[in-house]
Amino acid sequence: PLLSMKIRVGLVGLPNVGKSTLFNALAQKSIAEAKNFPFCTIEPNVTPIPIPDPYLSSIASIAKSKKYLFAKMDLIDVAGLVK
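Notes on the structure in this doc start here.

### Some words on the sheet that holds strand 2 (residues 45-51)
Then step 1. Overall, mixed pairing links the three strands, which are arranged 1-3-2 in an open sheet. Two strands lie at the open edges of the sheet, namely strand 1 (7-11) and strand 2, each paired on one side alone. Going across the sheet, the axis of each strand differs from the next one's by a mean of 30 degrees, ignoring polarity.
Then step 2. Summarising the sheet, strand 2 and strand 3 (residues 71-77) pair through seven bridges and their orientation is antiparallel.

### Digging into the packing of aromatic side chains
Then step 1. Within the structure shown, the criterion is met by one aromatic pair.
Then step 2. Aromatic pair Tyr68 and Phe70: ring centres 6.3 Å apart, planes at 85 degrees, arrangement edge-to-face.
Then step 3. Owing to a relative accessible area of 41%, Phe70 belongs among the partly exposed residues under this scheme.

### Here's the deal with the side chain of Asp74
Then step 1. The topology assignment puts Asp74 in strand 3.
Then step 2. For Asp74, a relative accessible area of 11% gives the class buried.
Then step 3. Only 3.3 Å separates the side chain of Asp74 from the side chain of Lys6, close enough to count as a polar contact.
Then step 4. Ignoring sequence-local partners within four residues, the contact set of Asp74 consists of Lys6, Ile7, Arg8, Val9, Val46, Thr47 and Pro48.

### Quick look at the pattern of salt bridges
Then step 1. As enumerated under the stated definition, the model contains two salt bridges in all.
Then step 2. The residue Asp74 makes a salt bridge to Lys6 at a minimum N-O spacing of 3.3 Å. One end of the pair, Asp74, is in strand 3; the other, Lys6, is in the segment before strand 1, with 68 residues separating them in the sequence.
Then step 3. A salt bridge links Arg8 to Asp74; its shortest N-O distance comes to 3.9 Å. Here Asp74 lies in strand 3 and Arg8 lies in strand 1, a separation of 66 residues in the sequence.

### Quick word on the environment of Leu14
Then step 1. In this structure, Leu14 sits in the loop between strand 1 and helix 1 (19-27).
Then step 2. Along the chain, Leu14 and Val82 lie 68 residues apart, while their C-alpha atoms are 6.6 Å from each other.
Then step 3. The residues touching Leu14, leaving out its near neighbours within four places in the chain, are Lys19, Gly80 and Leu81.

### Considering helix 1
Then step 1. Within the span of helix 1, buried status applies to Lys19, Ser20, Phe23, Asn24 and Ala27. Mapping the buried residues of helix 1 onto a view down its axis gives an arc of 135 degrees, with all of them on the same face. Across helix 1 from its buried face, at more than 90 degrees, point the exposed residues Thr21 and Ala25.
Then step 2. Lining the buried residues of helix 1 we find strand 1, strand 2 and strand 3.
Then step 3. Downstream of helix 1 by one or two residues, Gln28 has phi in the positive range, about 60 degrees.

Reading guide: rules and limits
- Residues numbered from 1 in each chain as written.
- Predicted model: local features only at pLDDT ≥ 70, side-chain atom pairs only at ≥ 80, totals over all residues.
- Heavy atoms only, no water.
- Pairing = 2+ DSSP bridges.
- Helix = DSSP H or I, 4+ residues; strand = E, 2+ residues; numbered from the N terminus.
- Axes fitted to C-alpha atoms, helices over the stretch in contact; angles between N-to-C directions.
- Phe/Tyr/Trp six-rings, centres within 6.5 Å; stacked < 30°, edge-to-face > 60°.
- Buried < 20%, exposed > 50% of the residue type's maximum accessible area, 1.4 Å probe, protein only.
- Polar contact = N/O pair within 3.5 Å; in protein donor to acceptor, adjacent residues only side chain to side chain.
- Contact = heavy atoms within 4.5 Å.
- Salt bridge = Lys/Arg side-chain N within 4 Å of Asp/Glu carboxyl O.
- Arc of directions from axis to C-beta.

Structure representation (structure tokens):
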């Protein structure tokens, strides 16, 4: 069995503070709709973000790996929180 250690990071905060804008910047894509009014995000937006590792290619060459993949984390943009 494969060992899975999936990393999930959520952007959480008050409404209309820039969570979706930050999400789009980190994803380097325009995925989340970013508008200038509260509660623009209803459903969570999710995108995988690669985690670069400067040592991975060196380790792969020592191990004579044919293929290697960077680790990834899921970045999640959720709706603004209210009391």
